[in-house]
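Listed below, chain by chain, are the residues.
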Amino acid sequence: MKYKLIAIDIDGTFLNDKHNVTEGNLSAIKKAADKGIKLVICSARIPTSLKMLKKYIPEHQPIIAGNGSIILDDNHKEIYSQPLEKDIVLEIISMLKEDFEDILYSFLNNVNVYIEEVKTETINFFKTINDRLPREEGVQFCIIKDSIKYIEENHIKVLKISIYENNSLDLLQEVRKKLKKFNEIEIVGAGIAGMEISHKGANKGTSLEILAKHYGYTLGDCIAIGNDKNDLEMIKMAGVGVAVKNAKESLKQAADYVTKRDNNNNAVAEVIENFIED
């Protein structure tokens with residue numbers, strides 16, 4: 001069999017716009033798993049926020065989470081992680097506090113999302129999403145008084161920092177300009193009004209290569225499917241890089257294949273039908 005591993009982005013790719021799994025995608029990944037294909041959840045989310053997918057993904061499949069900053073094997077044991085340097089995290093948070101008082105941000109390790117209690121708008125934003133899920137599928141939100149003090153006292157290993165600004169894209173661009181002085185970080189867009197910061201080199205493409213080697217595969221054995229800017233590296237590096245129909249234009253230009261269907265109409269199933277079943 002030519003392809004042995006499929007890395008699948010979740011939001012906007014595997015899930016439809018209502019954050020549900022379509023029947024066509026569900027059927028297709030089960031067929032691929034029955035053929036021995038590794039199906040890799042490849043998401044910006046942290047591992048605990050992927051619990052909701054457990055009932056859909058066939059058992060014993062690896063995970064790339066946090067935009068590539070952590071990799072879990074078939075049994076969901078950590079085989080790689082690349083947290084941000086503590087000093088960098090503290091400097092970025094200090095800059096946000098001093099220069100962008102109203103900006104909304106959180107920081108995440110492999111288990112929890114941490115938000116300062118003064119950021120009530122951020123808290124409500126996350127809670128609205130989280131409260132839609134069954135209790136066992138939700139994410140643990142830790143409301144803290146002071147991010148810097150909490151990180152220093154509890155030795156938190158921060159996988160990524162998420163920044164949101166719904167009211168002013170210009171303000172978001174100002175934040176991005178300030179972040180350019182940090183050579184040790186990688187910045188990717190998160191939807192229209194956000195960005196995510198991880199360690200330099202910790203992206204989905206690098207992690208796909210690490211995971212492929214872990215199983216004795218090459219990148220040529222891999223298919224990567226995505227829709228957003230944080231999927232670009234894995235799409236460029238995989239043997240077949242796929243952009244779904246609803247993907248960003250930059251992703252489509254970099255892809256080997258663009259699906260005829262979008263995420264609401266079984267785009268992932270189309271890839272499996274064309275590259276695995278045939």
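Scroll up to find the structure this text is about.
Quick caveat: nothing in here was measured; it's all calculated off a predicted structure.

The rules behind the values
- Residues numbered from 1 in each chain as written.
- Predicted model: local features only at pLDDT ≥ 70, side-chain atom pairs only at ≥ 80, totals over all residues.
- Heavy atoms only, no water.
- Core = buried A, V, L, I, M, F, W, Y, C linked by side-chain atoms within 4.5 Å.
- Buried < 20%, exposed > 50% of the residue type's maximum accessible area, 1.4 Å probe, protein only.
- Helix = DSSP H or I, 4+ residues; strand = E, 2+ residues; numbered from the N terminus.
- Contact = heavy atoms within 4.5 Å.
- Pairing = 2+ DSSP bridges.
- Axes fitted to C-alpha atoms, helices over the stretch in contact; angles between N-to-C directions.

Asks: In this structure, what is going on with the nonpolar core? I would like to understand it.
Replies: Across soluble globular proteins, you tend to see nonpolar side chains buried next to one another. Ile6, Phe14, Ile29, Leu53, Leu208, Ile223 and Ile225 are the most contacted members of the largest nonpolar core, which has 56 residues in total. For this core, the leading source of residues is helix H10 (residues 267–277), giving 6 residues. Discounting residues that sit within four places of it in the chain, Ile223 has contacts with Tyr3, Leu5, Ile6, Ala7, Ala238, Val240, Val242, Val271, Phe275 and Ile276. If you look at the next biggest cluster of nonpolar residues, it comprises 28 residues, including Leu96, Ile156, Val175 and Phe182.

Asks: Help me understand the sheet that holds strand E8 (residues 140–144) in this model?
Replies: Strand pairing within a sheet occurs via backbone hydrogen bonds; the two strands may be parallel or antiparallel. Read across the sheet, 6 strands follow the order E8-E7-E6-E9-E11-E10 without closing on themselves; strand pairing throughout is mixed. This sheet does not close on itself; its edge strands, each paired only once, are E8 and strand E10 (185–189). For this sheet the average axis-to-axis angle between neighbouring strands, irrespective of direction, equals 25 degrees. Here 2 bridges tie strand E6 (residues 104–108) to strand E7 (residues 112–116), and the two strands are oriented antiparallel to one another. Residue pairing in the sheet places Phe107 in a bridge with Tyr114 of E7. Sheet contacts for helix H3 (residues 86–99): E6, E7, strand E9 (160–164), E10 and strand E11 (194–199); angle to E6, the most-contacted strand, approximately 165 degrees. Packing against the sheet, helix H6 (residues 169–179) makes contact with E9, E10 and E11, and its axis sits at approximately 15 degrees to E11.

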